[in-house]
Amino acid sequence: MDSLTQVVLGSAVGYAVLGNKIGRKAALWGAALGTLPDLDVFIPYGGPVEAFTYHRGFSHSFIVHLLISPLIVWLILKIHTGMQMHKTRWFWLVFLCLSTHALLDSFTVYGTQLLWPLTEYPFAISNMFIVDPLYTLPLIFGVACTLLPKITSMCAYKINTTMLGLSCIYLCSSLILKVIIDDKATAALSDRQIQVSNYISTPAPLTTLLWRIVVMSDDQYYVGYASLFDEPNDVTFNAYNTDPLLINEISDEWGIKRLQWFTKGFYSIRQQQSNIILSDLRMGMECNYVFNFVVGEKTDLGVSVGDFEKISQRSNLSRVSKVWDRIWNPDINLAPPLANKSCAKAQ
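The structure presented is a predicted model; accordingly, all values stated were derived computationally and were not measured.

**Q** Give a detailed account of the confidence of the model for the chain, specifying residues and quantitative values.
**A** Do not read the fine detail of predicted coordinates wherever pLDDT is low. Taken over all residues, the pLDDT of the chain has a mean of 92, while the share at 70 or more is 95%. When pLDDT is averaged over each element of the chain, helix H5 (residues 87–106) comes out on top at 97 and helix H11 (residues 343–346) at the bottom at 48.

In structure tokens form, the structure reads like this:
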């Protein structure tokens, strides 16, 4: 999730655990601990693929959180020497602020290595977009009340706990909506006789009322959108070509295997001038994917390994602005103007 959400989640959790004992210090420590796991972005992993696939690794592991929490508590109690009587609650504050950060990240589509080092598997439930105001705003309100001097600590504690509960209810509701959307999408795919080798659904930007669906099918993939208010025949799908044969000569390269594993098979391969580009289809929209890597170079002698440079694609905000309209109207098309043509032209 976005940094603001993680800060206020940590603050809300910290205050819920210890706020009725130590006041605002619990919220401030919670905010700091809610940020801590994402500091792994400053680690020089050695390359774009490494930075992409090792992020949300050890720093997001429940096992690491469990082991490091006593050390952090020891450091905190060195600062707050008069709070030894709350040592057990401090442990739960630290552990829960770290682990709820990782757990919330696992609800997005990116992937979070919750059980590192036992497994590097990137858990991704994909029931939340990385920014969702309806989840974050109650947390902000609750935390703000803990910091206002005119609100008593008992009242602030109740408000913060209530707002934290509301955010949790919204989170749980997104899981229910995901089941409903998947049922609609499955029926739509069956009606259209689309062969499915891999399937994923994830909320569209800023909402859980509209969901984006990616279906891998042989040398094609389909991107669809399904609203909570759609009937199965309203679910829209657009087909796009991918050319996996382009990387046959370099398929054993570690970087390619790592990207294939991390994306869980949801990637496209295309040639852009002499470069061969691998795009993660889970995040972004067609022609505007967030993560793209130059995995190869096409020459007269064949295909050579690329430098794995991460390239960005210019966002098309006009299509994002149509998301709200698509919730209510299945005739709104969120696909780029030239579905199977050059993305450079479509932009």
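On we go from here.
**Q** Can you lay out the sheet that holds strand E1 (residues 198–203) for me, pointing to particular residues and giving the numbers?
**A** As summarised here, the arrangement of the four strands in space is E1-E2-E3-E4, forming an open sheet in which the pairing is antiparallel. This sheet does not close on itself; its edge strands, each paired only once, are E1 and strand E4 (236–241). Within this sheet the neighbouring strands show an average axis-to-axis angle of 20 degrees, counted without direction. Pairing between strand E2 (residues 210–217) and strand E3 (residues 220–227): eight bridges, direction antiparallel. Along E3, the bridge assignment pairs Val-214 with Val-223. Relative to the sheet, helix H7 (residues 153–191) contacts E1, E2, E3 and E4, its axis offset from that of E2 by approximately 45 degrees.

**Q** Outline the environment of Leu-210, supporting the account with residue identities and numerical values.
**A** In this structure, Leu-210 sits in strand E2. For Leu-210, a relative accessible area of 0% corresponds to the buried category. When the C-alpha positions of Leu-210 and Asp-230 are compared, they lie 9.4 Å apart, and in sequence the two are 20 residues distant. Dropping the residues within four chain positions of it, Leu-210 is found in contact with Pro-203, Ala-204, Tyr-225, Ala-226, Ser-227, Val-323, Arg-326, Ile-327 and Leu-334.

**Q** Any chance you could break down the pairing of strand E9 (residues 292–299) for me, citing the residues and the numbers?
**A** Relative to E9, strand E6 (residues 275–280) runs antiparallel, the two being bridged by five bridges. By the bridge assignment, Ile-276 is partnered in E9 with Gly-296. Note that E9 and strand E11 (residues 310–311) share two bridges and pair antiparallel. Paired with Phe-293 across the bridge in E11 is Lys-310. Strand direction decides the pairing type here: E9 and strand E10 (residues 302–305), joined by four bridges, are antiparallel. By the bridge assignment, Gly-296 is partnered in E10 with Val-305. Between E9 and E10, which follow one another and run antiparallel, lie two residues.

**Q** Provide a residue-level description of helix H8 (residues 254–262), including the pertinent values.
**A** In an α-helix, one turn spans 3.6 residues; hence positions three or four apart end up facing the same way. Here H8 has its buried residues at Gly-255, Ile-256, Arg-258, Leu-259 and Phe-262. Projected onto a plane normal to the axis of H8, the buried residues spread over an arc of 165 degrees and lie on a single side. Two residues or fewer after H8 comes Lys-264, characterised by a positive phi angle close to 60 degrees.

**Q** Any details on unusual backbone geometry? Residues and values, ideally.
**A** Residue Pro-117 is bonded to the preceding Trp-116 through a cis peptide linkage, with omega at 5 degrees. With respect to the element layout, Pro-117 can be found in the loop between H5 and helix H6 (133–147). Notably, Gln-193 is not glycine yet its phi reads approximately 55 degrees, a positive angle. Along the chain, Gln-193 falls in the loop between H7 and E1. Even without glycine at this site, Lys-264 takes up a positive phi of about 60 degrees.

Reading the values: rules and limits
Residues numbered from 1 in each chain as written. Predicted model: local features only at pLDDT ≥ 70, side-chain atom pairs only at ≥ 80, totals over all residues. Heavy atoms only, no water. pLDDT = per-residue confidence, 0-100. Helix = DSSP H or I, 4+ residues; strand = E, 2+ residues; numbered from the N terminus. Pairing = 2+ DSSP bridges. Axes fitted to C-alpha atoms, helices over the stretch in contact; angles between N-to-C directions. Contact = heavy atoms within 4.5 Å. Buried < 20%, exposed > 50% of the residue type's maximum accessible area, 1.4 Å probe, protein only. Arc of directions from axis to C-beta.

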